[in-house]
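Overview (structure and organization)
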Amino acid sequence: MDLASLEGLENVSFGRLAANTGLSKAGIQTLFKTKEALQLATVEFAREMFIDAVIRPVKSAPRGAKRMRALLDRWTVYAETPLFAGGCFRAANLAEFDSKPGPVRDALFHDQREWRECIASELRYAVATGEIADLDIDLAVFQIDAVLCAANTALRTGDDDVMSKVRRIIDGFLVSPAGSSVR
């Protein structure tokens with residue numbers, strides 16, 4: 001996971017994994033058969049770890065704006081104290097595979113779509129119940145995701161103040177119809 005988040009999934013290989021773990025290259029190859037299968041297993045494991053760290057802990061929060069805030073708070077913890085040496089696994093690998101058709105790209109994009117749908121679902125609920133002002137959900141999700149990816153990069157390059165900026169940006173999406181930020 002650390003290797004894939006630092007150097008990208010293309011650098012995840014049987015040989016590198018064997019060298020880093022002390023296991024035999026043949027033993028690892030027996031488990032995964034192909035480099036692609038190893039990469040897919042890595043993507044799935046990173047996805048599950050993200051879900052465990054960010055999404056599952058907020059399921060008890062009330063739907064809508066409160067859960068959206070809880071998601072973003074959990075994402076902040078995930079970004080500031082990363083699970084992987086290179087930070088957000090998805091952000092570290094999407095660009096590497098965006099123009100490489102195939103199962104690994106599909107798995108990364110599926111993971112990305114799930115995350116965006118999680119955000120969209122809470123925003124839709126908050127709008128439908130009148131918690132927040134009406135907004136273009138697709139555009140808001142795109143903007144929130146873009147800000148989070150940029151924040152991950154900023155954190156990796158030493159901008160420790162970035163999360164206060166992210167919170168201010170997110171506050172702009174979670175405004176009640178009366179014009180105040182929903183807490």
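Please read these numbers as outputs of a predicted model, since none were measured by experiment.

1. With respect to the side chain of T42
Along the chain, the position of T42 falls in helix 4 (residues 35-55). Owing to a relative accessible area of 10%, T42 belongs among the buried residues under this scheme. Apart from the residues within four sequence positions on either side, T42 is in contact with M1, A4, L9, V12 and F89.

2. Concerning the nonpolar core
Counting residues in each nonpolar core, the largest one holds 54 residues, and the members touching the most others are L9, V54, W75, W115, L123 and I144. Secondary structure elements with two or more residues in this core: helix 1 (2-7), helix 2 (14-21), helix 4, helix 5 (65-80), helix 6 (89-97), helix 7 (103-128), helix 8 (137-156) and helix 9 (162-173). Take this core: its biggest share by element is nine residues, from helix 8. Setting aside residues up to four positions removed in sequence, L123 forms contacts with M68, I132, I137, A140, V141, I144 and L174.

3. Comments concerning the packing of aromatic side chains
Taken as a whole and assessed by the stated rule, the structure comprises three aromatic pairs. Ring geometry for F50 versus Y78: centroids 5.0 Å apart, planes at 85°, classification edge-to-face. Of the two residues, F50 sits in helix 4 while Y78 sits in helix 5, which places them 28 residues apart along the sequence. Take F50 and Y78: they sit in the same class, and that class is buried. With a centroid separation of 6.1 Å and 65° between ring planes, the pair formed by F84 and F89 is classed as edge-to-face. Assessed through its relative accessible area of 2%, F89 is described here as buried. The ring of F50 has R90 lying over it, and the distance from NZ or CZ to the ring centre is 4.6 Å.

4. Description of the state of the cysteines
Applying the stated criterion across every chain, the model contains zero disulfides. Just so you know, C88 is unpaired, no disulfide at all, and the nearest cysteine sulfur is the one on C149, 6.2 Å from it. Residue C149 is classed as partly exposed on the basis of its relative accessible area of 28%.

Basis of the calculations
- Residues numbered from 1 in each chain as written.
- Predicted model: local features only at pLDDT ≥ 70, side-chain atom pairs only at ≥ 80, totals over all residues.
- Heavy atoms only, no water.
- Helix = DSSP H or I, 4+ residues; strand = E, 2+ residues; numbered from the N terminus.
- Buried < 20%, exposed > 50% of the residue type's maximum accessible area, 1.4 Å probe, protein only.
- Contact = heavy atoms within 4.5 Å.
- Core = buried A, V, L, I, M, F, W, Y, C linked by side-chain atoms within 4.5 Å.
- Phe/Tyr/Trp six-rings, centres within 6.5 Å; stacked < 30°, edge-to-face > 60°.
- Lys NZ or Arg CZ within 6 Å of the ring centre and 35° of its normal.
- Disulfide = S-S within 2.5 Å.

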